[in-house]
Amino acid sequence: MDGNGRWAKQRGLDRIAGHREGAESVRAIVRASREIGIKYLTLYALSIENWQRPKIEIRALMALLGRFLKSELDEMLSNGIRLNVIGRIEDLPKGIKRRLKQAMDQTAHNRDMVLNLSLSYGGRDEIVDAAKRISLRVKEGALTPEEITPEIFSAFLYTHGMPDPDLLIRTSGEFRVSNFLLWQIAYAELYFTTTFWPDFRREQLLAAIEDFQQRERRFGMTGEQVAFARKE
Ligand code: FPP
């Protein structure tokens, strides 16, 4: 969700005004995703590296997150949305952690869509955390090195039990992945747009999905094999 700062700067506003408008895009995109039947939506809200930002900005982001959790809970409950957090949740302020836990508990039985918030998230850190937990299992004798397959490895990631993303969208004209879901995006389609996140709403999401629908996903196979597999 990149470009909040530049969106604000273009309008002579402070960065926090950009994040505030960005939070409105979060609301719009969650709603639109649910309406069109997306099953998993993952939003990169805060990276591990983002903690280095000025304290005032971090505080504003946490306040927006807290407000979002409060204002959207009812909608999540009535729309079958399950909230989940991926990242080092332990790094977050106590009040936010409590609110996240409450929202996750209350929405735990919802089945229509998973809203994954990436908070204090880093793709490499996630992989390292998984490697540590796997080595512990090996040390305990619960797993042998030979048993470690990509599927087993995935089961130790924050996203265990969830499918890999089909589409990765990055806003604001940056052509980078920035440590996001490094393992999971192996076969994701990448979509880059110059639109700043605060301007990324339903219409822009639908345009990204239309673009995605034109792609031929081969997963290493030939186009003919894919066409054949589709007919089967
Ligand atoms: C990146 O834009 C954006 C962030 C680091 C924060 C994203 C947060 C929100 C959209 C609002 C709060 C979140 C929720 C879930 C309610 P940037 O600040 O790096 O933009 P810039 O590159 O233009 O400076």
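Described below are features of the structure shown in this document. (Residues numbered from 1 in each chain as written. Predicted model: local features only at pLDDT ≥ 70, side-chain atom pairs only at ≥ 80, totals over all residues. Heavy atoms only, no water.)

Next up on the list: the site of the ligand. Neighbouring residues of the ligand: 16 residues in total, closest Met1, Gly5, Arg6, Arg15 and Arg53. Asn4 places a main-chain nitrogen or oxygen 3.2 Å from an oxygen atom of the ligand. Measuring from an oxygen atom of the ligand, one finds a side-chain N or O atom of Arg53 at 2.7 Å. Out of a free accessible area of 630 Å², the ligand has 92% covered by protein chains. Mapped by element, the contributors of at least two residues to the shell around the ligand are α1 (4-10), α2 (15-36) and α3 (55-78). Per element, the largest residue contribution to the shell around the ligand is 4 residues, and it comes from α2. For the shell around the ligand, a count of residues per class yields 6 nonpolar, 6 polar and 4 charged. (Near = heavy atom within 4 Å. Polar contact = N/O pair within 3.5 Å; in protein donor to acceptor, adjacent residues only side chain to side chain. Areas by Shrake-Rupley, 256 points an atom, 1.4 Å probe, with all protein chains shown as cover. Helix = DSSP H or I, 4+ residues; strand = E, 2+ residues; numbered from the N terminus. Nonpolar A, V, L, I, M, F, W, Y, C, P; charged D, E, K, R; others polar.)

Between its first and last C-alpha, helix α4 (residues 94-107) extends 20 Å over 14 residues, near the 20 Å set by a 1.5 Å rise per residue. Each element contacted by the buried residues of α4 is listed here: α3 and β2 (81-86). (Expected span 1.5 Å × (residues − 1). Contact = heavy atoms within 4.5 Å.)

As a further point, take the packing of aromatic side chains. By the definition in use, this model includes 8 aromatic pairs. Seen in terms of ring centroids, Tyr121 and Phe180 are 5.9 Å apart; in terms of plane orientation they differ by 80 degrees. Their pairing is edge-to-face. Placement of the pair is Tyr121 in the loop between β3 (113-118) and α5 (123-140) and Phe180 in the loop between β4 (167-170) and β5 (189-192), with a sequence separation of 59 residues. Since its relative accessible area comes to 0%, Tyr121 is described here as buried. By relative accessible area, Phe180 is classed as buried at 7%. Among the aromatic residues, those joined into a ring-pair cluster are Tyr44, Tyr121, Tyr158 and Phe180. (Phe/Tyr/Trp six-rings, centres within 6.5 Å; stacked < 30°, edge-to-face > 60°. Buried < 20%, exposed > 50% of the residue type's maximum accessible area, 1.4 Å probe, protein only.)

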